[in-house]
Amino acid sequence: MTEPSGETAPEAPEDVAPTDDVQEDVRQGAAEPEEPGTAEESASAEGPATGEDPPPAEEPASAEEPTTAQGPDAAGDSDEPAAADAAEESEDPDVTGASRASADTEPAEPAEPASEASEASEETGADGDAGAKASDTPELSDAQAELAAQRELRAKIEARKAEKEGPLASGAKLSGTAADLLAAVRAVEGGAASGSAFYEAPEPAPRRPTPEAAPAMTVRPPVPAQASAPAPGTTAAVREVLGKGGAPEALAGQVAAALGEGAAQALLDDPWQLLAVSGVRPEQADGFARALLGGACGPDDPRRTVALTVWLLERAALQGHTALEIDTVRAGLAGHAVPDPGSAVEEAVSAGAVLVFQEEETAEEEPEEDEESPAAAEAATDEPASPVLLGLDRYALAEESLADGLARLVKTATADTWEGSELERAAGTHGLVLHTGGEASRAEPVALAAAARERGLRTLVAVHADGGRRALGPAGADAVTVAALLSGAAGPGRDEEGAFALDLLVVLDAPQLDVETAAMLVESLPDGCRLVLSGDPAVLGAPGAGQVFGDLLAARVCPRIASRVPDPGPLGELVSGIGAGELNQVEAPGKEIVIVPVRDAGEAVHRTVQLVADSVPRAIGVPAEQTQVVTVGHGGSAGTRALNAALKQRLNPGPGRFGGYDPGDRVAYAPVPGRTVTGTVLSADAEGLRLRCGDEELLVPKERVESALRHGWALTAHQAAGLRWPAVVVVLPGDAAGGLSRPWVYTAFGRAERHLSVVHGVDQALPRAVAEGVAPERTTRLRPLLEALLAVPEE
């Protein structure tokens, strides 16, 4: 099983190729029977607190042997990349007709593509803004403002890069250093000189040599702009074309938003453009094309092969990859009946739909060998060449922009001597510092920020989610979320070039940064600004494409400070052991850890409801509203859908008169791809649903309720990453065993502050996953890019 797309799925099993359908079924309600796993077997394995009869569900029993035998590990690492998550749910039969709107749609509901696509976009967080439509009132929702701000910032970044790369119109009036530089550039362009000479030149002075030189600032509130909705005429024309091809007309709005003003003609010219809509599968696009083109199309149609190549790379991005090896893409095309995958890839590259990359080996670094040295020649021949990668331009631009931005920060930082902890000394000397550790170690970068403020530096702490600010205590009052910082809703102002008024930025939960978010963040920092990225490398990765924190750690291009502060108590001991690959028995005298064995998924749901509603409040003293359920995926008989339905019936029954929701319902809202906000429904009106999320109220436009909102009593591990609750119930049904991995278990168990209950039905799969279940690596280009720009000689 894998987790849905509100998260990424880098931990998806290796056998789940990017070519597989990874879109989860939004309306999949059918429960899948699990193989019963006896409590006795699970307890006997290494058996924390249940060697005998299961403890009464009403009152959690303390885990005397807490987690060895029954550590709650679940099968859905793949929460992260949307694709993994979707792959888990691709248990649905493949839909071969164009009548089904998306791969996620239930076979019984072919006419509900919107719901599937909605779920896909909700889980993967993709295309979340495409369906958003502005309300008639001038006030914008946070989601619209955030999306608009990110679009504006990306445009500004690309414009700045284009200006830097463009040629100078003339150089007649230049003199001195400027004239020398222009001459050098022209010499390189003409081939008369090597570009490596530039690296030997002295480093440019920072744009702002002194922190005191504060430029004119512009405080940016949420940007008052919005994505324009497709014109009614465009949607009507698309609806007509969809009808001709036998596709659900309900897809018209999504197609018009994805393909733009000429969407109808684009579909007539190339029916496989339908794959640009989230949730649509190749089989459906093939059926649509046959209905429109008849015998004029075939499996080797260039339009089909190009669209499939792009689709495979988009699927890979949902699993966290920013690129794929060319052989993997060819295999994926072959799996979709493309007769000549090699030619298909060449066609996609020549059409500019995908880009080709191969990291070149630096020949200069190789020692000069005599021409007569056969041993050296043979060794060079045997050495494998770097793989050829294919990628989409959006991720290529993000990775290259991020690498350039990080190199700029490293090279423009002014070394200074700071007294204090090891982290403070490193931050004073370097422009980029990495800090690793568990939950307790978060106090160290926060203390660094406080010390920097005392030195007179403009400092800010950013976290992944609002819940992360609460965990910081009083220090959290000055912290902001990364999303709010980028949108301009919080944080400092910007100068005329769009840079933040900062001298030091500390980012917590850094493993949750995907490559596009990280690129926007780094591009917004001024020259000379210091950046400290802090996080726990053992947790699940970012819910978007890329593994920024992991690539930086592996590249070894900057100081890495490992915290020595252990997480306290039985929960800290348990989670620390899982991070080291061991599911240890932990003494829990205060019922901090409780194992509840179950035989099947039905019992797992029943016990979970009892724990949340009765046992934990009575025995632990944590109310139901502060207890969070974490499970493997959205689908299945004990996934988030089944658990949320049962918990709503018990905790807040109602008819769901507002699009399936009632006031008081707990919800999970995905305002933008890869970010989940938890809250409670307050009310509904003509504009949409109004939520209470932390200290603020949000409006979810009615057009986005179905696609971006779901009940939130139960979440996947990726949705829960970066958040913590007083009590957590982790549900591990028997059918989740195949998707378990160490990062998933580590993340799920680590969400609890005071109490952890594990509804355990996976028997020995849990300790086996902790010991051996390392999530697969994501394919990215950031590490070699960083190494080329910031190579540091080995110590």
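Everything discussed here concerns the structure shown above.
Here's what I pulled together on the structure shown here. (Residues numbered from 1 in each chain as written. Predicted model: local features only at pLDDT ≥ 70, side-chain atom pairs only at ≥ 80, totals over all residues. Heavy atoms only, no water.)

### Looking at the overall build of the chain
What counts here: Strands here mean DSSP runs of E at least two residues long; helices mean DSSP runs of H or I at least four residues long; both are numbered from the N terminus. In this scheme, a residue with accessible area under 20% of its type's maximum is buried, one over 50% is exposed, and one in between is partly exposed, where area comes from a 1.4 Å probe on protein chains only. Per-residue and other accessible areas were derived by the Shrake-Rupley procedure at a 1.4 Å probe size, with only the shown protein chains allowed to occlude residues.
On a plain count of helices and strands, the chain comes out with 28 helices and 19 strands. By the burial criterion, 55% of the 795 residues in the chain qualify as buried. When the accessible surface of the chain is totalled, it reaches about 32200 Å², and 51% of it is carbon and sulfur.

### Details of the pattern of salt bridges
To keep things clear, this is the line we draw: Just to be clear on terms, a salt bridge is a Lys or Arg side-chain nitrogen sitting within 4 Å of an Asp or Glu carboxyl oxygen.
Evaluation of the coordinates by the stated rule reveals 22 salt bridges. Among the ionic pairs, glutamate 283 bridges to arginine 281, the shortest N-O distance being 2.8 Å. With a shortest N-O distance of 2.6 Å, arginine 690 and glutamate 687 are connected by a salt bridge. Using a relative accessible area of 22% as the deciding quantity, one classes glutamate 687 as partly exposed. Residues participating in the shared-partner salt-bridge network are Lys648, Arg657, Asp662 and Asp665.

### As for helix 6 (residues 232–245)
Working note: α-helix, 3.6 residues per turn, so residues spaced by three or four point in the same direction. Selection criterion: Given the number of residues in a helix, its expected span is that number minus one, multiplied by 1.5 Å. Contact definition: two residues touch when any of their heavy atoms are within 4.5 Å.
For helix 6, which comprises 14 residues, the first-to-last C-alpha distance of 20 Å matches the rise-based estimate of 20 Å (1.5 Å per residue) to within 8%. Looking at the buried positions of helix 6, the neighbouring elements they touch are helix 7 (252–259), helix 8 (263–269) and helix 9 (282–293).

### As for the packing of helix 20 (residues 548–555) against helix 28 (residues 782–790)
Under the convention used in this document: Between the N-to-C directions of two axes lies an angle of 0 to 180 degrees, each axis being a line fitted to C-alpha atoms and, for a helix, fitted only over the stretch in contact. An angle below 35 degrees is treated as roughly parallel, one above 145 as roughly antiparallel, one from 65 to 115 as roughly perpendicular, and anything else as oblique. Rotating anticlockwise by less than a right angle from the far helix to the near helix defines a left-handed crossing, while the corresponding clockwise rotation defines a right-handed one. As a working rule, the residues Ala, Val, Leu, Ile, Met, Phe, Trp, Tyr, Cys and Pro are called nonpolar, Asp, Glu, Lys and Arg charged, and the rest polar, with Gly in that last group.
Look at helix 20 against helix 28: their axes get within 9 Å of each other, and the N-to-C directions meet at 40 degrees. Judged by the angle between their axes, helix 20 and helix 28 are oblique. Relative to helix 28, the crossing made by helix 20 is right-handed. Mapping the contact onto sequence places Val548, Asp551, Leu552, Ala554 and Ala555 in helix 20 and Leu782, Arg783, Leu786 and Glu787 in helix 28. For the contact of helix 20 with helix 28, the class distribution of residues is six nonpolar, no polar and three charged.

### Quick notes on the nonpolar core
General note: in soluble globular proteins, nonpolar side chains tend to be found buried as a group. We count it as follows: Nonpolar cores were defined as sets of buried Ala, Val, Leu, Ile, Met, Phe, Trp, Tyr and Cys residues, with membership established by side-chain atoms within 4.5 Å.
Ranked by internal contacts, the top residues of the largest apolar core, which has 84 residues, are Val238, Leu242, Val255, Leu402, Leu505, Leu531 and Leu533. The element contributing the most residues to this core is helix 10 (residues 302–318), with eight residues. When residues no more than four places from it in sequence are discounted, the contact partners of leucine 242 are Ala247, Pro248, Glu249, Leu251, Ala252, Val255, Leu267, Leu274 and Phe288. Val586, Trp725, Val758 and Ala765 belong to the second-largest nonpolar core, a separate cluster that totals 38 residues.

### Considerations on the pairing of strand 8 (residues 530–535)
Counted only if it meets this: Strands are treated as partners if at least two bridges between them are detected by DSSP.
For strand 8, the tally of buried residues reaches six of six residues, placing the bulk of the element in the interior. Neither face of strand 8 is open: one carries Arg530, Val532 and Ser534, the other Leu531, Leu533 and Gly535, and all of them are buried. Bridge analysis of strand 4 (residues 432–436) against strand 8 gives five bridges, and the strand direction is parallel. Bridged to valine 433 within strand 8 is valine 532.

### A look at the sheet that holds strand 11 (residues 627–631)
Two strands in a sheet stick together by hydrogen bonds in their backbones, pointing the same way (parallel) or opposite ways (antiparallel). Taken in spatial order, the five strands line up as 10-19-18-11-17 in an open sheet, and their pairing is parallel. Lying at the two open borders of the sheet, with one neighbouring strand each, are strand 10 (593–597) and strand 17 (714–716). Each strand of the sheet is rotated relative to its neighbour by a mean of 25 degrees, with strand direction disregarded. Strand direction decides the pairing type here: strand 11 and strand 18 (residues 725–732), joined by four bridges, are parallel.

### Things to note about the environment of tyrosine 669
As a reminder of what qualifies: Here a polar contact means two N or O atoms within 3.5 Å. Within protein one must be a hydrogen donor candidate and the other an acceptor candidate, and residues neighboring in sequence count only if both atoms are side-chain atoms.
Residue position: tyrosine 669 is located in strand 12 (residues 666–672). In the structure, tyrosine 669 is positioned 36 residues away from valine 705 in sequence and 8.8 Å away in space, judged by C-alpha atoms. At 3.5 Å, the side chain of tyrosine 669 and the side chain of arginine 704 are in polar contact.

### With respect to helix 7
As a reminder, the rule being used: Working definition: the arc comes from the directions between the helix axis and the C-beta atoms, pointing outward to the latter.
Residues of helix 7 that are buried: Ala252, Val255 and Ala256. Along helix 7, the residues classed as buried sweep out an arc of 100 degrees about the axis, all on the same side. Lining the buried residues of helix 7 we find helix 6 and helix 8. Positive backbone phi, approximately 90 degrees, marks glycine 260, located one or two places after helix 7.

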